[in-house]
Amino acid sequence: MTDGLLTSVVGSHAHPGWFVSGIAAAERGEFGPTDLAEMLDDAVDLAIRDQEAAGIDVISDGEMRRAGFFTAEFYHHLTGVRALPSDRLLGAGGHDQQHRFEVLEPISAPEGLGVVAEFAAARARTTRPLKATLPGPYTLSGRLRTGPGEVYASRVAAAEAFVEILRTELLGLVDVGATIIQIDEPSPAIHPDAPADFAALFNAAIEPVRGRARLGAHLCFGNYLGRPLAARSYRPIRDAMLGFAVDELVLEFANREMAEVDLVHELADAGRDVAAGVIDVKNYHLETADEVATRIDTVLATGIPPERLTLVPDCGFSQTARWATTAKLHALVAGRNLVRGRP
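Now for a look at the structure at hand. Just so we're clear, the structure is a prediction, and the values are computed from it rather than from any experiment.

Focus on helix H1 (residues 17–27)
Every α-helical turn comprises 3.6 residues, leaving residues that sit three or four positions apart pointing alike.
Alright, step 1. Among all positions of H1, only Phe19, Gly22, Ile23 and Ala25 are buried. Axial view of H1: buried residues confined to an arc of 160 degrees, hence all on one face. Exposed side of H1, more than 90 degrees from the buried face: Gly17 and Glu27 are the residues found there.
Alright, step 2. Packing partners of the buried residues in H1 comprise helix H2 (33–54).
Alright, step 3. Backbone geometry just after H1 places Gly29 at a positive phi near 85 degrees.

Remarks on the side chain of Lys328
Alright, step 1. Inspection of the secondary structure assignment puts Lys328 in helix H11 (residues 322–340).
Alright, step 2. By relative accessible area, Lys328 is classed as buried at 1%.
Alright, step 3. A polar contact of 3.0 Å, which involves the side chain of Lys328, links it to the backbone oxygen of Asn283.
Alright, step 4. A distance of 2.9 Å separates the side chain of Lys328 from the side chain of Glu287, its partner in a polar contact.
Alright, step 5. When near neighbours in sequence (up to four residues on either side) are disregarded, Lys328 contacts Ile279, Asp280, Asn283, His285, Leu286, Glu287 and Phe317.

Concerning the packing of aromatic side chains
Alright, step 1. Enumeration according to the criterion identifies seven aromatic pairs in this entry.
Alright, step 2. Plain terms: the ring middles of Trp18 and Phe19 are 6.1 Å apart, the flat faces sit at 90 degrees to each other, and that makes the pair edge-to-face.
Alright, step 3. A centroid spacing of 4.6 Å and a plane angle of 40 degrees characterise the contact between Phe221 and Tyr234, whose relative ring orientation is tilted. Within this pair, whereas Phe221 is found in the loop between strand E6 (214–219) and helix H8 (238–242), its partner Tyr234 is found in the loop between E6 and H8, the two being separated by 13 residues in sequence. Just as Phe221 is buried, Tyr234 falls in that class too.
Alright, step 4. Put simply, the rings of Phe221, Tyr234 and Phe253 touch in pairs and so form one group of aromatic residues.

Considering the nonpolar core
Alright, step 1. Among the nonpolar cores identified, the biggest contains 101 residues, and Ile107, Leu144, Leu173, Ile181, Leu219 and Val299 are the most heavily contacted of them.
Alright, step 2. Take this core: its biggest share by element is 11 residues, from helix H5 (residues 155–175).
Alright, step 3. Ignoring sequence-local partners within four residues, the contact set of Ile107 consists of Thr79, Val81, Leu144, Tyr152, Ala161, Phe162 and Ile165.

About the cut-offs
Residues numbered from 1 in each chain as written. Predicted model: local features only at pLDDT ≥ 70, side-chain atom pairs only at ≥ 80, totals over all residues. Heavy atoms only, no water. Buried < 20%, exposed > 50% of the residue type's maximum accessible area, 1.4 Å probe, protein only. Helix = DSSP H or I, 4+ residues; strand = E, 2+ residues; numbered from the N terminus. Arc of directions from axis to C-beta. Contact = heavy atoms within 4.5 Å. Polar contact = N/O pair within 3.5 Å; in protein donor to acceptor, adjacent residues only side chain to side chain. Phe/Tyr/Trp six-rings, centres within 6.5 Å; stacked < 30°, edge-to-face > 60°. Core = buried A, V, L, I, M, F, W, Y, C linked by side-chain atoms within 4.5 Å.

In short, geometric facts, not functional conclusions.
Dropping the structure here:
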């Protein structure tokens, strides 16, 4: 029997049709605050129940209280910004159709980013181990307009402004009982040539809570509409990843046919646990338990101790239909159980 091999998720859960419709109605002003709160509570309950029904060991709230893709909700909590029109509105969906903001004055988040309240609400709705998730400073800076003549002359300067905001949010999470926190910072993979010290920015943000919670860093290649945004290789950013002062690195492998899986052992040897993506969220092929078990075997063949390995989807499920999401969650657990059940 193989011990260890916990299952978890990266963060976001699928948005069912009623939820998408409800968010649109709320944006049109058709919901009162109580109506919206009730719908968001229901959405979190759905995400939690779907994960529990599948047997996921470490769950999230599905990030269901965050409207829009990935970072979108957080800008609503900032002062000093104004929304700009998207660069492109027509044609095939892509990353250049996402929100952007002009910075009018130095940013702040006087009421926080909302993650503390999200976690506290979800903690009361499940007894399972619960992961809190939020983006890192460089990732959050990506939707702000920066450059000569702007409030922030560079993206790095904008990222530095987010460091203190994130420090406060992380301290708040620990204070309300969060013991597992994942910071999503795909920027080293997406912007490998950026003139930024990603590790220094990241570590400055997490410094107040190091040792007070299990910390992870999620690095992916982008997933808006299931489309990557980067050359999909971790090898060039191996040292940058290891610069993140976290307990665990959360990486995608399934959608890349398990390419570079040899890195898992290297990262473990360097003192990091690994959450390896063995479910492809960018593909509507529904994995079987046997297929997932084969991917797990490929990861274990690198020599990583099972107790240092967590099994996850490649990325969040916000860009995947719910019927596929639930099937993939069940396959994740069933594949893990096949591996665990061997003599």
